[in-house]
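So the chains spell out like this:
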Amino acid sequence: MSNGQWYPPEWPDRIRALAAGTLTAATPRRAATVMLLRDAPDASGGGLEVHMLRRRTSMAFAAGAYAYPGGGVDPRDDDRQVRWAGPSRQWWAERLGVPEEEAQAIVCAAVRETFEEAGVLLAGPAPDSVVDDTTGARWQADRQALIARDLSFAEFLQRRGLVLRSDLLGAWARWITPEFEPRRYDTWFFAAALPAGQRTSDDSTEADRTVWIGPDRAAAAYDRGELTMMPPTIATLRTLSGHRTAHDALAGAASRDLTPVLAQARLEAGEVVLSWPGHDEFTKHIPTGGSN
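Source: prediction; values computed, not measured.

Caption draft 1: Summary view of the overall build of the protein. What the protein contains, in helices and strands, is nine helices and 14 strands. Against the compact-globule benchmark of 19 Å for 292 residues, the protein has a radius of gyration of 19 Å, which places it among compact chains. When its C-alpha atoms are laid out on the principal axes, the protein stretches across 60 × 45 × 35 Å. Looking at the protein residue by residue over its 292 residues, the buried ones come to 51%. When contacts within the protein are restricted to residue pairs at least 6 apart in sequence, long-range pairs at least 24 apart make up 70% of them. Put simply, the protein shows about 12,900 Å² of open surface, and 47% of that area lies on carbon and sulfur atoms.

Caption draft 2: Just the packing of aromatic side chains, in detail. A complete count under the given rule lists nine aromatic pairs for this structure. Relative to tryptophan 92, the ring of tryptophan 91 has its centre 5.0 Å away and its plane inclined at 85 degrees; by these criteria the two rings are edge-to-face. Judged by relative accessible area, tryptophan 92 falls into the buried class, the value being 1%. These aromatic residues form a ring-pair network of at least three members: Phe115, Trp139, Phe153 and Phe156. Over the ring of tryptophan 139 we find arginine 160; its NZ or CZ atom is 3.6 Å from the centre of that ring.

Caption draft 3: Looking closely at the sheet that holds strand S6 (residues 123-124). Taken in spatial order, the three strands line up as S5-S7-S6 in an open sheet, and their pairing is mixed. Edge positions in the open sheet fall to strand S5 (84-85) and S6, since each of these has one partner strand only. With two bridges joining them, S6 and strand S7 (residues 163-165) adopt antiparallel strand pairing. Residue alanine 123 lies in a different strand from S7, and its bridge partner there is leucine 164.

Caption draft 4: Representation of the sheet that holds strand S14 (residues 279-287). On the basis of which strands lie adjacent, the open sheet formed by three strands has the order S12-S13-S14 and antiparallel pairing. Because the sheet does not close on itself, it has two edges, and the strands there are strand S12 (264-268) and S14. Recorded for the sheet is a direction-independent mean angle of 25 degrees between the axes of neighbouring strands. Bridging between strand S13 (residues 271-276) and S14 involves five bridges; their strand directions are antiparallel. By the bridge assignment for S14, leucine 274 is matched with lysine 284. Where helix H1 (residues 11-20) meets the sheet, its contacts fall on S12, S13 and S14, and the angle it forms with S13 comes to roughly 100 degrees.

Caption draft 5: Looking closely at helix H5 (residues 137-147). Those residues of H5 that sit buried are Trp139, Asp142, Arg143, Ala145 and Leu146. For H5, the angular spread of the buried residues around the axis is 165 degrees, confining them to a single face. Against helix H4 (100-118) and helix H6 (153-160) lie the buried residues of H5. Backbone geometry just after H5 places arginine 149 at a positive phi near 65 degrees.

The rules behind each value
- Residues numbered from 1 in each chain as written.
- Predicted model: local features only at pLDDT ≥ 70, side-chain atom pairs only at ≥ 80, totals over all residues.
- Heavy atoms only, no water.
- Helix = DSSP H or I, 4+ residues; strand = E, 2+ residues; numbered from the N terminus.
- Rg over C-alpha atoms; globule rule 2.2 N^0.38 Å.
- Buried < 20%, exposed > 50% of the residue type's maximum accessible area, 1.4 Å probe, protein only.
- Contact = heavy atoms within 4.5 Å.
- Areas by Shrake-Rupley, 256 points an atom, 1.4 Å probe, with all protein chains shown as cover.
- Phe/Tyr/Trp six-rings, centres within 6.5 Å; stacked < 30°, edge-to-face > 60°.
- Lys NZ or Arg CZ within 6 Å of the ring centre and 35° of its normal.
- Pairing = 2+ DSSP bridges.
- Axes fitted to C-alpha atoms, helices over the stretch in contact; angles between N-to-C directions.
- Arc of directions from axis to C-beta.

Spelled out as structure tokens, the structure:
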């Protein structure tokens, strides 16, 4: 492998089983992930930086891969409306291509996961404000309660008297885990800028390393095989190239295409060809006679 593409060794056998009809595809779970952005300090040369986490090697999914804060939707956030600022739930439903209650839950998941995994909270006491400090024992206790699912995000916001700032998010992309994967996710990718006064935390329960890094630098390290990433991560990372500031990137989110990207596997000339439409760099050719 010349680059850092995450490619599980069991994929070839699962692809063959799916093609033979002996594997039933799992239903993808709704999820959200956030490319948290900031303008790099002048001392580092300036430019745009993105916050990335390296998933612990003990994780069942994409162990050791670099990713963004993210995770599954909590169904409890479908049912209970939260205090909301920015575009309406109907606007988000149309943008994300889902019913209104699902749109709320997906946006809640994006904001919640960013808080859980990075300690950054896109919410404030008023529709035009954002909290400026999420450090301290009480905030940490709330993070742990959210991670343990002892507390829903809607309950957390109500308890704290906070308004969710949906206007601080920009929908960026949508990827669906391939049908041959045992753990499948229908994931919406968002972009968001690090709020003034807040800083990221490096104590994520799912990561053993966190880093702020320029998208071009991270992509170059992936190309050299130094950073491992899943196809959606490196693909979205490459789309940040050319954006010089967080504000510029967020402004570009409005024109991003959210057509779902789903890997396809087909038999061709004695091989299984695995491809992601529109992303030729991820194409894999797997002999049909045995494991890759």
